[in-house]
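Take a look at the letters that make up each chain.
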Amino acid sequence: MRHKIVAGNWKMHKNAEETEDLLNELIAKLPSDVAVEIIVAPTFVNLASAVDHLEFTNIDVAAQNMHQAESGAFTGEISADMLKNIGVNTVILGHSERRAYFHESDALLASKVNTALKHDMRVIFCFGEELKDRQAHQHFNIVENQLNDGLFHLETKDWVNIVLAYEPVWAIGTGETATPEQAQEMHHFIRETINAKYGGDVAEDVSILYGGSVKPDNAKEIFSKPDVDGGLIGGAALNSDHFAAIVNAI
Ligand code: 13P
């Protein structure tokens, strides 16, 4: 069901001690009575302790990636079963850094999505155009293709476990945010694209997050747009005051 979500993608930051410190700060500072789902995604090695630490809070834990195979000779990889087994029920897939640095294609991501759903996990599926695509006015085409190739093989029933995160690559970690109008324009296009493929119920029910240089001072305006259901936060999620301010901006 469509609802407000603020998720923090910690990327490759915070060792075990720092993770515990940041979680303690978040528990102290985040509101417990807000109608927004709060998620944090620490690194793999700190997921189990984060799940334990957050057990009696309203903060959920997500993984930043997983492998598509059930198990096997894939040195260095983590399976859906391993995540579920430690109480992680949500996984971020398709982040632009995975696409760019680890060469994850839409076809590979489609198979990761399938594996996650098979294990009853929820997927936060990331996508978004690069600067050159926007400059060439290809951003709508790129986003449509990413949705088509990564997700449009799914059945209607699968969409209850899909959250979308539109992250224009040119806005990630650059300090350059999409304007609230650019975010709304793209989120509206995404909902229309889903509507054309799956119909109005799926399109209206899916939560679409914006990611890319969301900060305390721009969050409120971005979140006020009708098709923006929250944010996937990078840098600002590493600072408890900033993350709490972003959650409170919803
Ligand atoms: P920044 O908020 O640091 O731009 O990162 C966004 C992001 O990549 C979240 O997944």
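Here, the structure is the one placed above.
For clarity, every value in this text was computed on a predicted model and none was experimentally measured.

A. Geometry of the overall build of the protein chain. Counting secondary structure elements, the protein chain contains eleven helices and eight strands. Taking 18 Å as the expected radius of gyration for a compact globule of 250 residues, we find that the protein chain reaches 17 Å, a close match to that expectation. Along the longest, intermediate and shortest principal axes, the C-alpha atoms of the protein chain span 45 × 45 × 35 Å. Taken across its 250 residues, the protein chain has 53% of its residues classed as buried. Contacts spanning at least 24 positions in sequence make up 71% of the contacts within the protein chain whose residues lie at least 6 apart. When the accessible area of the protein chain is evaluated, it comes to approximately 11200 Å², of which 51% is carbon and sulfur surface.

B. Representation of the sheet that holds strand β1 (residues 5-9) in the model. The parallel closed barrel is built from eight strands, whose spatial order is β1-β2-β3-β4-β5-β6-β7-β8. For this sheet the average axis-to-axis angle between neighbouring strands, irrespective of direction, equals 25°.

C. Region of interest: unusual backbone geometry. Even without being a glycine, lysine 11 presents a positive backbone phi close to 50°. Residues other than glycine seldom take positive phi values, yet histidine 103 does so here, at roughly 55°.

D. Representation of the site of the ligand. What surrounds the ligand is a group of 13 residues, the closest being Lys11, His95, Gly173, Ser213 and Gly235. Within the side chain of asparagine 9, one N or O atom sits 3.0 Å away from an oxygen atom of the ligand. In the model, an oxygen atom of the ligand is placed 3.0 Å from a nitrogen or oxygen of the glycine 234 main chain. Of the residues in the shell around the ligand, the class split is four nonpolar, seven polar and two charged.

E. Here's a closer look at the pattern of salt bridges. The full count for this structure, using the stated rule, is 19 salt bridges. Here arginine 2 ties to aspartate 227 by a salt bridge, and the two come within 3.9 Å at their closest N and O atoms. A residue pair is termed long-range when its members are at least 10 positions apart, and arginine 2 in the segment before β1 and aspartate 227 in the loop between α10 (216-223) and β8 (230-233) qualify at 225 residues. A residue is classified by how much of its surface remains accessible, and arginine 2, at 23% relative accessible area, is partly exposed. Under the relative-accessibility criterion, aspartate 227 is labelled buried at 9%. As a salt-bridge pair, aspartate 106 and arginine 99 come within 2.8 Å of each other at their nearest N and O atoms.

F. Region of the structure containing the pairing of strand β3 (residues 59-63). For β3, a buried count of four out of five residues is recorded, marking the element as mostly surrounded by other parts of the structure. Bridge analysis of strand β2 (residues 37-41) against β3 gives three bridges, and the strand direction is parallel. Paired with valine 40 across the strands is valine 61, a residue of β3. Pairing geometry for β3 and strand β4 (residues 90-93), over two bridges, is parallel. Bridging across to β4, alanine 62 finds its partner in threonine 90. For the segment spanning β3, helix α3 (residues 80-85) and β4, crossover handedness is right-handed.

G. Focus on the environment of proline 216. Structurally, proline 216 can be placed in helix α10. The residues touching proline 216, leaving out its near neighbours within four places in the chain, are His242, Ala245 and Ile246.

H. Spotlight on a negative patch on the surface. On the surface, Glu17, Glu18, Glu20, Asp21 and Glu25 cluster together into a patch of negative charge. Mapping glutamate 25 onto the fold places it in helix α1 (residues 16-29).

The rules behind these values
- Residues numbered from 1 in each chain as written.
- Predicted model: local features only at pLDDT ≥ 70, side-chain atom pairs only at ≥ 80, totals over all residues.
- Heavy atoms only, no water.
- Helix = DSSP H or I, 4+ residues; strand = E, 2+ residues; numbered from the N terminus.
- Rg over C-alpha atoms; globule rule 2.2 N^0.38 Å.
- Buried < 20%, exposed > 50% of the residue type's maximum accessible area, 1.4 Å probe, protein only.
- Contact = heavy atoms within 4.5 Å.
- Areas by Shrake-Rupley, 256 points an atom, 1.4 Å probe, with all protein chains shown as cover.
- Pairing = 2+ DSSP bridges.
- Axes fitted to C-alpha atoms, helices over the stretch in contact; angles between N-to-C directions.
- Near = heavy atom within 4 Å.
- Polar contact = N/O pair within 3.5 Å; in protein donor to acceptor, adjacent residues only side chain to side chain.
- Nonpolar A, V, L, I, M, F, W, Y, C, P; charged D, E, K, R; others polar.
- Salt bridge = Lys/Arg side-chain N within 4 Å of Asp/Glu carboxyl O.
- Right-handed = clockwise from strand over helix to strand, strands pointing away.
- Patch = residues over 30% accessible without salt bridge, like charges linked within 9 Å, V, L, I, M, F, W, Y side chains within 5 Å.
- Lys, Arg positive; Asp, Glu negative; His and termini not counted.
- Charge placed at Lys NZ, Arg CZ, Asp CG, Glu CD.

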